[in-house]
Amino acid sequence: MVSTKAPPSLLYMVKQVELVVRSHLDELVRPAGITALQYTSLTVLERHDGLSAAQLARDSFVTAQSIADLVRSLENRGLVRRERNPRNRRELLILLTDDGRELLDRFTEPVRELEERMIRDLTSHQAEQFRQSLSKAWHALS
């Protein structure tokens, strides 16, 4: 009797990729004294500086509760700063500092190399399709 196992679900495979990427990214940024989650938050601020903690949490894929500790740690390292929102004085905005930008600049090439390693067996057309497919999957669930 031949056993035909079903292939792993796409959700399982996406989680596998996420975990291996996070592991490699943690290893990559560890010498700078930050985690993959902190690095991700810094890259979010690089694209959209001046976010509230709630916005940063959503865009960084962490809970509102854990973003407070993450931001405090980055602020203590001088990588981000908080300022009052001039349009809503009760809200603090989180901004990337020059040191934060310098740290991101140091990791631009190593992170690009990690991404290249991830897709090295894909043609450029397949890599673009992969990017589009991931984007469509994200939008379908958002």
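Conventions we followed
- Residues numbered from 1 in each chain as written.
- Predicted model: local features only at pLDDT ≥ 70, side-chain atom pairs only at ≥ 80, totals over all residues.
- Heavy atoms only, no water.
- Phe/Tyr/Trp six-rings, centres within 6.5 Å; stacked < 30°, edge-to-face > 60°.
- Helix = DSSP H or I, 4+ residues; strand = E, 2+ residues; numbered from the N terminus.
- Buried < 20%, exposed > 50% of the residue type's maximum accessible area, 1.4 Å probe, protein only.
- Salt bridge = Lys/Arg side-chain N within 4 Å of Asp/Glu carboxyl O.
- Core = buried A, V, L, I, M, F, W, Y, C linked by side-chain atoms within 4.5 Å.
- Contact = heavy atoms within 4.5 Å.
- Pairing = 2+ DSSP bridges.
- pLDDT = per-residue confidence, 0-100.

Notes on the packing of aromatic side chains
The tally for this structure, following the rule as stated, stands at one aromatic pair. For the pair Tyr 39 and Phe 107, a centre-to-centre distance of 6.4 Å together with 75 degrees between the ring planes defines the contact as edge-to-face. Placement of the pair is Tyr 39 in helix α2 (residues 36-47) and Phe 107 in helix α5 (residues 98-118), with a sequence separation of 68 residues. Both residues of the pair, Tyr 39 and Phe 107, belong to the buried class.

Looking at the pattern of salt bridges
According to the stated counting rule, one finds seven salt bridges in the structure shown. A salt bridge links Glu 18 to Lys 15; the nearest nitrogen and oxygen atoms lie 2.9 Å apart. With a gap of three residues between them, Glu 18 and Lys 15 both fall in helix α1 (residues 10-29), about one helical turn apart. We classify Glu 18 as partly exposed; its relative accessible area is 37%. With relative accessibility at 41%, the residue Lys 15 sits in the partly exposed group. With a shortest N-O distance of 3.0 Å, Arg 101 and Asp 49 are connected by a salt bridge. With Arg 101 in helix α5 and Asp 49 in the loop between α2 and β1 (51-52), this pair connects stretches of sequence that are 52 residues apart.

Notes on the nonpolar core
Most often, soluble globular proteins keep nonpolar side chains buried together rather than apart. Core analysis: the biggest nonpolar cluster contains 25 residues, and Ile 34, Tyr 39, Leu 42, Leu 56 and Val 80 have the highest contact counts within it. Looking at this core, the elements that each hand over two or more residues are α1, α2, α3 (53-60), α4 (64-76), β3 (88-96) and α5. For this core, the element with the most residues is α2, which contributes five residues. Look past the residues within four positions of Tyr 39 in its chain and what remains in contact with it is Leu 25, Val 29, Ile 34, Leu 104, Phe 107 and Val 111.

Let's talk about the pairing of β3
Pairing of β1 with β3, which is carried by two bridges, proceeds in the antiparallel orientation. Across the sheet, the residue bridging to Leu 51 is Ile 94, located in β3. Pairing analysis gives six bridges linking strand β2 (residues 80-85) to β3, with the strands arranged antiparallel. Residue pairing in the sheet places Glu 83 in a bridge with Leu 93 of β3.

Concerning the confidence of the model for the protein chain
Predicted confidence across the protein chain gives a mean pLDDT of 94, with 98% of residues reaching 70 or more. Confidence scores differ between elements of the protein chain, with β3 showing the lowest mean pLDDT of 91 and α5 the highest of 97.

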